[in-house]
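Here's the letter readout for the chains.
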Amino acid sequence: MKSIARRADLKAYVEHNPQLYQLLRRAAARYVTGDDRRDGLEAAASLTAQGYDVSLEYIGENTATEAECEAAVRELSGLIAELAGNRRKARVSFDLSHIGLSLHTDLALRNLLQLAEQAEPAGIELFISMEESAKTDRVLDVYERSVARYPSSIGITLQAQLHRTAADLAQRLPGNSLVRIVKGAYQESEQSALPRSEQLNRRYLELVEHAILQGHRVSIATHDQQIIDTILTRGWLSEGAAEFEMLYGIRTELSRKLKAAGHPVRIYLTYGSEWYLYICHRIAEHPPNLYRAVIDMASGESVDPVNSYAVSRDR
Ligand code: FDA
C-alpha cells in the first residue's frame, strides 16, 4: 500500500477519473471530512462543541507548478481568515511540498511566512507536517528560518521512526517550541528508520519525554494504546505541556475515552480532493481498513465519523 501511495501516476488517474474518484471517495469518507473547506469547518465546529481541540489540514503534497502552489496558499489563507472570523483557536497543518517545497525551498518559506503573518495576530498556530526522509533537511531548514520570526505560531512534526530524530529534537528546535511527535507514515530504508516494533515504541516514549523536559509544548500524535497508557501512568500530561492528538475517523472510541477521562485530546481533520496518498497511508497502517474500504464502496452509504466522538456515549 505504501508503494502504491507513492505512485504519482495512480494518484493522477484517480483524481482525473470521475467514476473512480466518486467510488473511492466513499472509502475516503471515513478519514476525510469532505472535498471543501466548509466540510472541514463543520466537523471542526461539531468537535469543538464537544470539547475537543482540532487541527485542520487542506490535503495535498508535491505541488508541481507555482500556480498550484498559489492556489493552495489562497485556500489556506481563506481557512485562516474563516477560523479567525469565528474566533476558533484551531491549528492549521500542511505539507510544505503543498505550498512550494517541491519547486524551491525559498518558495515554501515565502509562502509559509505569508501565512504566518496572517495567522499570528489571530492566535492560530501553523503546523508543518513531516514528509519522506529525502525532504527532512529542507523541511527543517524552512522550519528553522520561519520559527525564528514566529516562535509561538509555527510548530513542527517529527517522526520517531527516523534514526536522526533524537538529534533533530535536541538541536533544531528553539526553546518552548510546538512539536508533534508521530511514528512516521512513510516507507523508509533500514539505514534511516525503524519499522513498527517495541523498539520504535520505546524510542517514541523517549522522544516525548525529552521534548517535555526541554520545555516544548508536545502533541503526542498516536493511536497506540500501549504508548498512551504508559504516558498516562508516568503522569506526563499533568504539567499541561502535552496533549493527545489523533487522526479523524481513527480509533474514535479511544479519543472519546480519553476525553471523557478529562485528558486534552485534539482531532486532526482533513479536507480537500487530493486524499489519495492520505487514504493509502491509513489503509497501510491497519490492513482491516482495506476490507472496510471495499464495504464502504460497495454499500454506497456515506460514513460520518463526527457522530462517534460524542463523549456522552461512554457515560
Ligand atoms: P501504529 O501504526 O503502530 O498503530 C497503533 C495502533 O493504532 C494499531 O494497532 C491500531 O489499533 C491503531 N491504528 C493505527 N493506524 C490506524 C488506522 N489507520 N486505522 C485504524 N487503526 C489504526 N506521519 C508522518 O509521516 N508525517 C506527519 O506529518 C504526520 N502527521 C500526523 C498527525 C497526527 C495528528 C497523527 C495522529 C498522525 C500523523 N502521522 C504523520 C501519521 C503517523 O506517522 C502514523 O503513521 C499514524 O499515526 C499511525 O501510527 P500510530 O502511532 O497510531 O501507531
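Higher on the page you've got the structure.
## Remarks on the packing of aromatic side chains
Part 1 of the reasoning: The final tally for this structure, using the stated rule, is three aromatic pairs.
Part 2 of the reasoning: Ring centres of Y52 and Y309 lie 5.6 Å apart, and the angle between their planes is 80°; this geometry places the pair in the edge-to-face category. With a gap of 257 residues between them, Y52 in the loop between helix 4 (37-49) and strand 1 (53-58) and Y309 in the segment after helix 13 (288-299) connect regions that are remote in the sequence. Judged on exposure class, the residue Y52 and its partner Y309 are both buried.
Part 3 of the reasoning: Here the aromatic rings of Y248 and Y309 are separated by 6.4 Å at their centres, their planes lie at 15°, and the arrangement is stacked. Taken as a pair, Y248 in the loop between strand 7 (242-247) and helix 11 (252-260) and Y309 in the segment after helix 13 lie far apart in primary sequence, 61 residues in all. Just as Y248 is buried, Y309 falls in that class too.
Part 4 of the reasoning: Grouped by ring-pair contacts, the aromatic residues Y52, Y248 and Y309 constitute a single cluster.

## A word on helix 12 (residues 276-285)
Part 1 of the reasoning: Among the 10 residues of helix 12, eight are classified as buried, and the element is accordingly described as predominantly covered.
Part 2 of the reasoning: Those residues of helix 12 that sit buried are Y276, L277, Y278, I279, C280, H281, R282 and I283.

## Some words on the site of the ligand
Part 1 of the reasoning: Every one of the 25 residues lining the ligand counts as a neighbour, but M130, K183, G184, T222 and E285 are closest to it.
Part 2 of the reasoning: For the ligand, an oxygen atom lies 2.6 Å from a polar atom in the side chain of T222.
Part 3 of the reasoning: Protein contact buries 87% of the 930 Å² of open area that the ligand shows by itself.
Part 4 of the reasoning: Within the residue set of the shell around the ligand, elements represented by two or more residues are strand 4 (154-159), strand 5 (178-182), strand 7 and helix 12.
Part 5 of the reasoning: With three residues, strand 7 is the largest single contributor of residues to the shell around the ligand.

## Digging into the pattern of salt bridges
Part 1 of the reasoning: In this structure the tally under the stated criterion is 19 salt bridges.
Part 2 of the reasoning: One salt bridge connects E131 with K135, and the closest N-O pair in it is separated by 2.9 Å. Residue E131 shares its accessibility class with K135, and that shared class is buried.
Part 3 of the reasoning: In this structure, R164 engages D137 in a salt bridge whose closest nitrogen and oxygen atoms are separated by 2.9 Å. Of the two residues, R164 is situated in the loop between strand 4 and helix 8 (165-172) and D137 in helix 7 (residues 136-147); the sequence distance between them amounts to 27 residues.
Part 4 of the reasoning: Residue R164 is classed as partly exposed on the basis of its relative accessible area, which comes to 25%.
Part 5 of the reasoning: By sharing partners, the salt bridges in this structure join R91, E125, R217, E243 and R266 into a single network.

## Concerning the packing of helix 3 (residues 18-28) against helix 13
Part 1 of the reasoning: Running from N to C, helix 3 and helix 13 point in directions that differ by 125°, and their axes come no closer than 8 Å. Here helix 3 is positioned oblique relative to helix 13, judged by the angle of their axes. For the pair helix 3 and helix 13, the crossing hand works out as right-handed. Two secondary-structure elements touch here, helix 3 through L23, L24, R26 and A27 and helix 13 through A293, D296 and M297.
Part 2 of the reasoning: A per-class count over the contact of helix 3 with helix 13 returns five nonpolar, no polar and two charged.

## Points about the sheet that holds strand 6 (residues 217-221)
Where strands meet in a sheet, backbone hydrogen bonds hold them as pairs that are either parallel or antiparallel.
Part 1 of the reasoning: Overall, parallel pairing links the eight strands, which are arranged 1-2-3-4-5-6-7-8 in a closed barrel. Taking each pair of neighbouring strands and ignoring which way they run, the sheet shows an average axis angle of 25°.
Part 2 of the reasoning: Of the strand pairs in this sheet, strand 6 and strand 7 are connected by four bridges, and their pairing is parallel. Of the residues in strand 7, the one forming a bridge with I220 is F244.
Part 3 of the reasoning: Sheet contacts for helix 9 (residues 198-213): strand 5, strand 6 and strand 7; angle to strand 5, the most-contacted strand, approximately 170°.

The rules behind the values
Residues numbered from 1 in each chain as written. Predicted model: local features only at pLDDT ≥ 70, side-chain atom pairs only at ≥ 80, totals over all residues. Heavy atoms only, no water. Phe/Tyr/Trp six-rings, centres within 6.5 Å; stacked < 30°, edge-to-face > 60°. Helix = DSSP H or I, 4+ residues; strand = E, 2+ residues; numbered from the N terminus. Buried < 20%, exposed > 50% of the residue type's maximum accessible area, 1.4 Å probe, protein only. Near = heavy atom within 4 Å. Polar contact = N/O pair within 3.5 Å; in protein donor to acceptor, adjacent residues only side chain to side chain. Areas by Shrake-Rupley, 256 points an atom, 1.4 Å probe, with all protein chains shown as cover. Salt bridge = Lys/Arg side-chain N within 4 Å of Asp/Glu carboxyl O. Axes fitted to C-alpha atoms, helices over the stretch in contact; angles between N-to-C directions. Parallel < 35°, antiparallel > 145°, perpendicular 65-115°, else oblique. Left-handed = near helix turned anticlockwise from the far one by under 90°. Contact = heavy atoms within 4.5 Å. Nonpolar A, V, L, I, M, F, W, Y, C, P; charged D, E, K, R; others polar. Pairing = 2+ DSSP bridges.

By themselves, these observations are geometric and do not establish any function.
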